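Structural features, examined
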Amino acid sequence: MRWKPIAYSALGLVSLLVLGATGYAWTQLNRLDSGLATADVIAPSAQLPASPSVVPEQNILLAGVDSRTDVQGNPLPRDILDQLHAGDQSDGGDTTDTMIVVHIPAGGGAATAISIPRDSYVDIAGGYGKHKINSAYTYGKNAERQRLTAQGVTGAELERRADQAGARTAIQTVEQFTGLTINHYAAVNLVGFYSLSLAVGGVPVCLKEPVHDSYSGADFPAGRQTLSGAQALAFVRQRHGLPNGDLDRIARQQAFLSSAAKVLLDTGTLANPVKLNNLIAAVQQSVLIDQGWDLLDFAKQMRSLSSDGLTFATIPVQSLNLQTPYDGDAVKVDQAQVRSFIGALIGEPVTSSASSPASVQPYVAAAPAGRSSTPPTTDASVVPSGGGTDLTGCVS
């Protein structure tokens, strides 16, 4: 069974964001920065100035890559794959099953995380035609792998350089689709979310109803509970049995990440040397960032971040069942509508090659019976673990 990650890269970035929120954590960033894997994926024209006097406006692309290699390009051990129920090295497809753009306004302030459904049907940068957006990484990586293999490149070096090309194609595709310039990039493979959720000591979540899903392994009662490791993976990757499929899964992802940020900021995690050391080790093992990202500068910029300083949104979709020539069912999206929606979110216009609609409401066309094309509303407030029957703020 193919493993479907959905939130792990964003948890990695939430960890990076909040590491700069306390004085003690900030002093540890020197150690974190020196141990992170990096890649040359951001175009020179999109790179930000070093040590700016004020916080620059910036957009960060988070990608969760369905890969069986680590951030250095080495195959994941068999015992790790077994723990994650991830099959073997032949499973997965190097697709970006999570794509989130985090917008930080000039001067700092509240950040906005914009989720893009992985099956959104868009033009892929590089002349690959129209396909699901999560395949952009795959098209770029496979083309580069073929080129490098012909040159005799093998092993971890082959995987690392091919991954870099895949990331560039994914970044260019998101820029082309949204009209936003991507200034930074962070990616995590499938083992990353598992490690990070353990490092933070578990994350409180809440479900409106009990669930049992054999595909993802999700088996939870209704109500409030704290999840980590394999349980957290099952919670965020379930999509079978949910009324709106991937849109409901995105709602879970956003609730989980908001709760994780509150755990990190509100419960003293970053002031605890043992927990902080575990978190830094997990980030170093799990997160790959663009090589021009100065985390020390970024931490200084984000020191005023609070647990309420990151809000979530999902782009508008027109249909969840678009029939495509080669890619099966996809999510139908309209570029002009998406750009207008994003412009309204960030408070500035986003240039579009097509005329913008008069309204930026996410609903356009009716979905099939029993399925809604409108992204579900998420109340992502943190919930305490333990019993109780009040399910206010819980997700499907």
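The preceding data block contains the structure.
Chains are numbered independently. Their residues run from 1 in the order of the written sequence. Per-residue local features of the predicted model are confined to residues with pLDDT of at least 70, and side-chain atom pairs are confined, for both listing and counting, to 80 or more; whole-chain, interface and lining totals are unaffected and use all residues. Note that the side-chain values use all heavy atoms of the structure and ignore hydrogens as well as water.

Let us look at the overall build of the protein. Of regular secondary structure, the protein possesses 12 helices and 15 strands. Exposure classes here rest on a 1.4 Å probe applied to the protein chains alone. A residue is buried below 20% of its type maximum, exposed above 50%, and partly exposed in between. Buried positions account for 55% of the 396 residues belonging to the protein. For this analysis, residues touch if any pair of their heavy atoms sits within 4.5 Å. Of the contacts made within the protein by residues no fewer than 6 positions apart, 73% connect residues no fewer than 24 positions apart. Method for areas: the Shrake-Rupley scheme with a 1.4 Å probe, in which residue coverage is limited to the protein chains shown. As displayed, the protein offers around 15,600 Å² of accessible surface, 50% of which is attributable to carbon and sulfur atoms. Runs of H or I in DSSP of at least four residues are treated as helices and runs of E of at least two as strands, each being numbered from the N terminus.

A separate point is the pairing of strand β12 (residues 287-290). We call two strands paired when DSSP finds no fewer than two bridges between them. As paired strands, strand β1 (residues 37-39) and β12 are joined by 3 bridges and run parallel to one another. Looking at β12, one finds that threonine 38 is bridged to isoleucine 289. Strand direction decides the pairing type here: strand β7 (residues 184-188) and β12, joined by 3 bridges, are antiparallel. When the sheet's bridge partners are listed, alanine 187 is paired in β12 with leucine 288.

This next bit is on the environment of alanine 222. Tracing the backbone shows alanine 222 in the loop between β10 (218-220) and β11 (223-227). Between the C-alpha atoms of alanine 222 and proline 210, which are 12 residues apart in sequence, the distance is 4.3 Å. Once residues lying within four places of it in the same chain are set aside, the contact partners of alanine 222 are Leu207, Lys208, Glu209 and Pro210.

Now for helix α5 (residues 136-150). The α-helix advances 3.6 residues per turn, and as a result positions three or four apart in sequence lie on the same side. Given a helix with a known number of residues, its expected span is that number minus one, times 1.5 Å. Spanning 15 residues, α5 covers 22 Å between terminal C-alpha atoms, matching the ideal 21 Å at 1.5 Å per step. Residues of α5 that are buried: Ala136, Tyr137, Thr138, Gly140, Lys141, Glu144 and Leu148. Positive phi shows up at glycine 152, right after α5, with a value of about 95°.

Attention now moves to the side chain of histidine 184. Assignment of secondary structure puts histidine 184 in strand β7. Among the residues examined, histidine 184 registers a relative accessible area of 6% and is labelled buried. Contact partners of histidine 184, with chain neighbours within four places excluded, come to Ile42, Leu48, Gln58, Asn59, Ile60, Leu61, Asp290, Gly292 and Trp293.

Axis lines are fitted to C-alpha atoms, over the contacting stretch for helices. Their N-to-C directions set the angle, which ranges from 0 to 180 degrees. Contact pair α5 / helix α6 (residues 155-178): the axes reach a minimum separation of 7 Å and the direction vectors enclose 145°. The element α5 and its partner α6 pack so that their crossing is right-handed. Contact with α5, carried on its side by Ala136, Tyr137, Gly140, Lys141, Glu144, Arg145, Arg147, Leu148 and Thr149, involves Leu158, Glu159, Arg161, Ala162, Asp163, Ala165, Gly166, Ala167, Thr169, Ala170 and Thr173 of α6 and no other residues of that element. Grouping the constituent residues of the contact of α5 with α6 by class yields 8 nonpolar, 5 polar and 7 charged. Crossing handedness: left-handed means the near helix sits turned counterclockwise from the far one by under a right angle, and right-handed means the same turn made clockwise. Ten residue types, Ala, Val, Leu, Ile, Met, Phe, Trp, Tyr, Cys and Pro, are classed as nonpolar, four, Asp, Glu, Lys and Arg, as charged, and the remainder, Gly among them, as polar.

This part is about the packing of aromatic side chains. Stacked, tilted and edge-to-face pairs are distinguished by plane angle, under 30 degrees for stacked and over 60 for edge-to-face with tilted covering the rest, among Phe, Tyr and Trp rings (Trp via its six-membered ring) whose centres lie within 6.5 Å. Within the structure shown, the criterion is met by 4 aromatic pairs. Seen from their ring centres, phenylalanine 235 and phenylalanine 256 are 6.3 Å apart, and the 35° between their planes marks the pair as tilted. In this pair, phenylalanine 235 is assigned in helix α8 (residues 229-237) and phenylalanine 256 in helix α9 (residues 246-266), connecting sequence segments 21 residues apart. The same class applies to phenylalanine 235 as to phenylalanine 256, namely buried. Three or more aromatic residues link up through ring pairs in this structure, and these residues are Phe220, Phe235 and Phe256. If you follow arginine 252 out to its NZ or CZ, it ends over the ring of phenylalanine 235, 5.0 Å from the centre. By the criterion adopted, a ring carries a charge over it if an Arg CZ or a Lys NZ lies within 6 Å of its centre and within 35 degrees of its normal.

Looking now at the nonpolar core. The definition of a nonpolar core used throughout is a set of buried Ala, Val, Leu, Ile, Met, Phe, Trp, Tyr and Cys residues joined through side-chain atoms within 4.5 Å. Judged by nonpolar contacts, the single largest core of 47 residues is most densely connected at Val102, Ile104, Phe220, Phe235 and Phe256. Setting aside its immediate chain neighbours within four residues, phenylalanine 220 contacts Leu207, Pro210, Val211, Gln225, Leu227, Gln231, Ala234 and Phe235.

A side chain of one charge can pair with a side chain of the opposite charge when the charged atoms of the two come close. Any Lys or Arg side-chain nitrogen located within 4 Å of an Asp or Glu carboxyl oxygen qualifies as a salt bridge. Under the defined criterion, the tally for this structure stands at 6 salt bridges. Its salt-bridge partner being lysine 141, residue glutamate 159 comes within 3.2 Å of it at the nearest N-O pair. Pair noted here: glutamate 159 is in helix α6 and lysine 141 is in helix α5, with a separation of 18 residues, a long-range link. Glutamate 159 sits in the buried class, given a relative accessible area of 16%. You can call lysine 141 buried: its relative accessible area is 1%. Where salt bridges share partners, they join Lys141, Arg145, Glu159 and Asp163 into one cluster.

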